[in-house]
Amino acid sequence: MTSVLCFTTPGDGPSSPPQLVQTHEDKPGPVGHLSFTEILDTSLRVSWQEPVDRNGIITGYVVSWEVPGKNSSRETRGLQNSTHEYKVTGLTSLTTYTLEVAAVTNAGTGTITSSTISSGVPPELPGPPSNIVISNISPRSATLKFRAGDDGKTSISKWIVEGQVGSIGDDEEWKVLYEKENEPDAQVLEIPNLAPFTQYRFRMRQVNIVGSSPASQPSRIIQTLQAPPDVAPSSVTVRTASETSLWLRWVPLPDSEYNGNPETVGYRVKLWRVDQQGETRSQVVNDRLERELTLEGLEEWAEYWLQIQAFNSIGPGPWSEQVKGRTRESVPSGAPDNVTAEAMSSTRILVNWGPVPDKEKNGYVLGYKVLYKEQDSGVEPQVLVVKGNLTRSALLRNLRKFVLYEIQVLAFTRIGDGKPSSPPVLERSKDDVPGPPVRLVFPEVRLTSVRVVWQPPTEPNGIILGYQIAYRLDASDPNKFTTVEVGSTARQFTVTGLSPESAYIFRISARTQQGWGLPEEAVVITTERRDRPQPPKELSIPQKEVDSRRLFLCWVPGGDGSSPVRYFTLQIRELPAGDWRTHSAAIGHNSTCWEVDRLKPFTSYRLRMMATNDVGDSAYSKETHAVTTLPDVPDEPPVILAVKPSTTTSVLVQWQPPKAESVNGILVGYRLYYRELQYDTSPQESKAAGNHSASRAEITAKSTFKTVSSALLTEFELTQLSKYKRYEIVMTTYNVIGESPPSAPVEVFVGEAAPSLAPQNIQINALSSTQLEVVWEPPPVETQNGNIQGYKIYYWEKDNQNETEKVKVLFVPEMAMRLKNLTSYTSYVVRLSAFNTAGDGPLSEPRRGRTLQAAPSVPSFITFSEVTTTTLNVSWGVPLSPNGVVEGYRVVYEPSAPIHGVSKVVTVDIKGNWQRWLKVRDLTKGVTYGFRVQAKTISYGPELEANITAGPVEGSPSSPTKMSITKSSSSLTIHWSPGDKGAGSITGYVIEARPSDEGLWDTFVKHLSPSSTSHSVSLDRLRQGVSYEFRVIAVNHYGYGEPSMPSAALSAQSETPFYDEWWFLVVMALCGLILILLLVFGLLLYGQNRKYKSCSPGKHISTVEEAVTLDNGGFTALELNNRHLNAKSSFLKKNGTRSPPRPSPGGLHYSDEDLCNNYNGAILTESTTLTEKPAEVSESEATDSDYEDERPKHSFVNHYMSDPTYYNSWKRQQKGLKPAPAYPYEECASGDGESYYQTVVTQHSVGGAYTAAGQPAPGSRTPVTGFSSFV
């Protein structure tokens, strides 16, 4: 079914009625799923499926078979179209045959599908290809050479090439890139249709009639070469931006179309005028994600063709289709030609002009304005508007006589006024009789003479040729004057021969070529008794005479001081803080009321006056009461700041209010006028344009308006507009009087708007340590405001936005994206926005996601400290890139060469991130050890290696001498003498001890004064029954020196065992008595039928709060009232200090690769892996610790602590025995606040490894060295 429709930029039109059309028949495609069954020595069954591409009506099938190379053996059978299988018979046993099947239509036989098979031999799945080699890499293809796998006893029907495209990795998807059929012996395949500048990794499969082989091993990773872009940007549209600019928009190329390095991708835009005037312009956009460009500097009201192409470093791609755009109508850039002026009379001038050149009209000329003013007057010119562009003359009326006028003419369009003609035309109105002279005064008056002074007329109306002075007695004949004529330059005249104390009337008139003008008349009295006048009185302003810009002022003249008042002067002051200024300086002396103009609307004023006579000025009158002018329409409109489409049928108008002083009252609100524009696509001829502009003037008067009744609002949404139309919007301000002039018009295209909501239901899923998947849904349909073109994904590392923010652009229909190459185990913030042709919508609320953990980087450093001949402390730093939560560390150390023929590798696993050090105590002097440290998150990261040689370094002190030890009843004292200090001063001494039950040296006392030569230790700090050896090491700035010779072994046995004390016997007797009483009481309660069960060695006696266990050794281990048995370690309280504690058995793992027995004197244990839990005590010793409770002084406890033969006796307890509670371990505060260290004792077992479960729980303590076997 087919139909036809038309489309325009806004969209598609209606479709025509559908018509049924059928294409011609053709040969069919290959049959599908060719397979063989029932394979016997002389027959087999072949089956197939109908072709996917029938290309007509299938009329039948053709089946053929032959022995390869023997055409004479070929057999062919024709079958009906309903038959999809056939049994081939008459075959020779164990012979290879080629079978072919093809479909048939009326157009002929279709494509043949063939396969080979051996009779009597069932086919199998083929093997995978191997040895894939890639060559001839080009931008769009690559050649694969390979070795075919096993064919499965039949021919290979198809080769399949799969690939990973762009994203290479074990978790990435494999896509089928190419399939090659009917080439069973192929060894080389050329893979077409690859994307330029894209990473690929290939693998292959081979297919026979049974099925597909497994995939081959992946090839190496390749990248195709770069190529120019294949396509141009799509959805290219152009809009008018301004009078001299166009706004071009397009959909950027997707990443897959760059065909090169993304950093080199950009766009090139070219444009030229439709009328072929001017040169072709081009502009480059280097941002590959840019979607719009404003082309500036164009001609007003001109049409342009535009095209855009993409380019990369290889070259440019194809140009897009041409789009046409026109710049906005503007004011004319030129003035009318041939402006002339001719004076028609003393008050009229005729002005004529020609049209504006077509290139400079910049729109439809709606009329002309004639500007005229007096030359050098400094005032704004008056304006005469001539509507329509056919009338090109105007008569200026009511001009001043004999005045030189500057005259200019301009054209105006809908947008505004164009450029006035230049230079101005000068024309003078014709002359006339002059006006009266002004400021007539008599400064000198005598009894018989006066001197009269005047100024030229304010309206000379021509060239003044002279003046006439006429005078007479006031009481004489009114028509009889004495006249005197003076020259045009005269400004005064003295009249003599007058009568004293008489009133005279003087008239002064001026003359031009047109005759004498009106006279100025004044009265003067010939007297010498004159004074200044009194100021005017009773100034009043009738309220009914107050207007918005004028008012009437009335007054009563004051006394004239025996000299007539010649004129009045008026001053006004603007309230509240204005200064007095002269408003009128020549009010006639006969006036008692005056119109005060040039006032501001809705403004308060005060007024005052003074009178002037021949003697001088009077004082100022009393001020009037404050008077306020009435409101008037506002002088200024608001300024439209922006008009933005908000939906496809509405726009948001934003404006700036007018200045307060221009409102001329109280601002009530605004009015928005809007109308649809209908531009013609081509310029009109001059005469036609005139007719068209007249019609457009009528359209302008029919604008729709909306009223905003709030002076505080600065934006308003115009709704229910027509789609895909241009609108013109103007605004006015209004108050209670009326509206201001309209603002400058602003145009907007309605029908496109950015989405008003962000994408919805955003989800962020962690895929791996470097990838996050972002999934979303589009904004609601009613808020899309058009077709969504794509989405922008902004993402950055949390708390590091400025340095890590990136943006990805994805085009529809995709609504999911993988963010790749991220930092492991890092929180990311993601925000999305949708965009369409109108622009970007709002950003979504931030969403957070965190990548998964990965193996950490190497530790930041390794350092060694406290290096002696047998011990050292190794420390390391946290990984710079942990890539997750560091769960622990692994320390591996081994000698660089075998020791006594034995090569030993020790591995220590430390759980937790807080401990980043290890005390190693089983080193051999002078041997170099290699240490390797690696951190662990979900797996171990790479190792950081460092080497260290056990023993003193060069420059360290020599060993102390004269080592001795003395013992008293409560303490022992170690004595020594200083040895050679080495290359630096002695900074202190360290005492090491070696218990007889461990056999390893460990720090006993540190930080002894460099001047000390002895140190005393309380026997309470030593474990009873254990012998100790001591040695002293000197320390300087270079390090630890050689140790002294060990002291003689010294036992810490107490003087009197506690079980020989009298109080112990009393306690035991009381306990026995209590037990007897409890037993008797029990027997009385339960009767005589209860048999008494006696206690014997090795039996268990249970009470409410007591537990007694008898060991085979005959001693009693007693626990009373749930008191915990605690012991103090002699290795912690040493001169107020303690040695660094060693890792607990729960935090260490030891392995011994030399399989040596009883290494370093360690006792062979039964178990090779022991774990200490919070509720139980480990059976092996690894850490020194002490207890805050007082140590019970029992010699039999020491006996079990030091004798490992009793190790198993505590494990074989009788059934039903209540287990003793776990020993609590409490942190013992060091006296000098030393750092907490951990000491490691490595115990090696034959064929075993010692692995501890973890660090001690908070608030717990590791077992006392030598005590774990007892427990």
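Everything here concerns the structure above.
Residues numbered from 1 in each chain as written. Predicted model: local features only at pLDDT ≥ 70, side-chain atom pairs only at ≥ 80, totals over all residues. Heavy atoms only, no water.

Chemist: Give me the lowdown on the state of the cysteines, citing residues and values where you can.
Modeler: For the structure shown, the criterion picks out one disulfide. Between the sulfur atoms of Cys554 and its disulfide mate Cys593 the distance is 2.2 Å. Handedness of the Cys554-Cys593 disulfide follows from its S-S torsion of about 105 degrees: it is right-handed. Pair noted here: Cys554 is in strand E39 (residues 551–556) and Cys593 is in strand E42 (residues 593–596), with a separation of 39 residues, a long-range link. (Disulfide = S-S within 2.5 Å. Helix = DSSP H or I, 4+ residues; strand = E, 2+ residues; numbered from the N terminus.)

Chemist: Before we move on, could you go through the pairing of strand E61 (residues 872–876) and cite the residues and values that matter?
Modeler: Taken residue by residue, a regular strand's side chains alternate between the two faces of the sheet. E61 sits mainly inside the fold: five of its five residues count as buried. Residues Leu872, Val874 and Trp876 point to one face of E61 and Asn873 and Ser875 to the other, with burial holding for every one of them. The sheet contact formed by strand E60 (residues 862–865) and E61 spans four bridges and is antiparallel. Residue pairing across strands places Ser865 opposite Asn873, the latter belonging to E61. (Buried < 20%, exposed > 50% of the residue type's maximum accessible area, 1.4 Å probe, protein only. Pairing = 2+ DSSP bridges.)

Chemist: Tell me what's going on with the sheet that holds strand E50 (residues 725–734), and back it up with residues and numbers.
Modeler: Strands sit in the order E48-E47-E50-E51 across an open sheet of four strands; the sheet is antiparallel. Each of the sheet's edge strands pairs with one partner strand only, and the pair in question is strand E48 (704–708) and strand E51 (746–750). Averaged over all pairs of adjacent strands, the angle between strand axes in this sheet comes to 30 degrees, irrespective of strand direction. Relative to E50, strand E47 (residues 669–677) runs antiparallel, the two being bridged by nine bridges. The partner of Arg675 across the bridge, within E50, is Glu728. (Axes fitted to C-alpha atoms, helices over the stretch in contact; angles between N-to-C directions.)

Chemist: Just give me the short version of a nonpolar patch on the surface, but keep the residues and values in it.
Modeler: Taken together, the side chains of Trp1062, Trp1063, Val1066, Val1067 and Leu1070 present a nonpolar region at the surface, about 520 Å² in accessible area. As for its placement among the helices and strands, Val1067 is situated in helix H3 (residues 1062–1086). For Val1067, a relative accessible area of 34% gives the class partly exposed. (Patch = residues over 30% accessible without salt bridge, like charges linked within 9 Å, V, L, I, M, F, W, Y side chains within 5 Å. Areas by Shrake-Rupley, 256 points an atom, 1.4 Å probe, with all protein chains shown as cover. Salt bridge = Lys/Arg side-chain N within 4 Å of Asp/Glu carboxyl O.)

Chemist: An account of the nonpolar core is needed here, citing residue identities and associated values.
Modeler: If you look at the biggest cluster of nonpolar residues, it comprises 24 residues, and the most contacted ones within it are Leu872, Trp876, Tyr893, Leu918, Tyr929 and Phe931. The set of elements that each furnish at least two residues to this core consists of E61, strand E62 (888–895), strand E63 (906–911), strand E64 (917–920), strand E65 (928–936) and strand E66 (944–949). Those residues in contact with Leu872, other than ones at most four positions away along the chain, are Phe864, Ser865, Glu866, Val867, Leu918, Lys919, Val920, Leu923, Phe931 and Ile948. (Core = buried A, V, L, I, M, F, W, Y, C linked by side-chain atoms within 4.5 Å. Contact = heavy atoms within 4.5 Å.)

Chemist: Help me get a handle on the packing of aromatic side chains, residues and values and all.
Modeler: Counted under the stated rule, the structure contains 24 aromatic pairs. For the ring pair Tyr674 and Tyr727, a centre distance of 6.4 Å and an interplane angle of 50 degrees mean the geometry is tilted. Residue Tyr674 is found in strand E47, and its partner Tyr727 is found in strand E50; the two are separated by 53 residues along the sequence. Owing to a relative accessible area of 10%, Tyr674 belongs among the buried residues under this scheme. Grouped by ring-pair contacts, the aromatic residues Phe442, Tyr471 and Phe506 constitute a single cluster. Lying over the aromatic face of Trp319, Lys270 brings its terminal NZ or CZ to 4.5 Å of the ring centre. Directly above the ring of Trp301 sits Arg326, whose terminal nitrogen or CZ lies 4.4 Å from the centroid. (Phe/Tyr/Trp six-rings, centres within 6.5 Å; stacked < 30°, edge-to-face > 60°. Lys NZ or Arg CZ within 6 Å of the ring centre and 35° of its normal.)

Chemist: Could you give me a rundown of the side chain of Thr804, with the residues and numbers involved?
Modeler: Looking at where Thr804 falls in the secondary structure, it is placed in helix H2 (residues 801–804). Of note is the side chain of Thr804, whose polar atom sits 3.0 Å from the backbone nitrogen of Glu797. Not counting chain neighbours up to four residues away, the residues in contact with Thr804 comprise Tyr795, Trp796 and Glu797. (Polar contact = N/O pair within 3.5 Å; in protein donor to acceptor, adjacent residues only side chain to side chain.)

Chemist: Give me the lowdown on the sheet that holds strand E56 (residues 816–819), citing residues and values where you can.
Modeler: Strand order in the open sheet formed by three strands is E52-E53-E56, with antiparallel pairing between adjacent strands. The open sheet has two edge strands, strand E52 (760–766) and E56, and neither has a second partner. Neighbouring strand axes in the sheet, compared pairwise and without regard to direction, differ in orientation by 20 degrees on average. As paired strands, E52 and strand E53 (residues 772–777) are joined by five bridges and run antiparallel to one another. When the bridges of E53 are listed, Asn765 appears paired with Glu773.

Chemist: Any details on the pattern of salt bridges? Residues and values, ideally.
Modeler: Side-chain pairs of opposite charge can arise whenever the charged atoms involved come near each other. Per the counting criterion, the structure on display carries 54 salt bridges. Ionic pairing is found between Glu66 and Arg74, a salt bridge with its closest N-O pair at 3.7 Å. Using a relative accessible area of 13% as the deciding quantity, one classes Glu66 as buried. Its salt-bridge partner being Asp922, residue Lys904 comes within 3.4 Å of it at the nearest N-O pair. Within this pair, whereas Lys904 is found in the loop between E62 and E63, its partner Asp922 is found in the loop between E64 and E65, the two being separated by 18 residues in sequence. Summarising the burial analysis for this pair, Lys904 and Asp922 share the class buried. Counted as one network, the salt bridges with shared partners bring together Arg328, Glu329, Arg414, Arg675, Arg726, Glu728 and Glu747.

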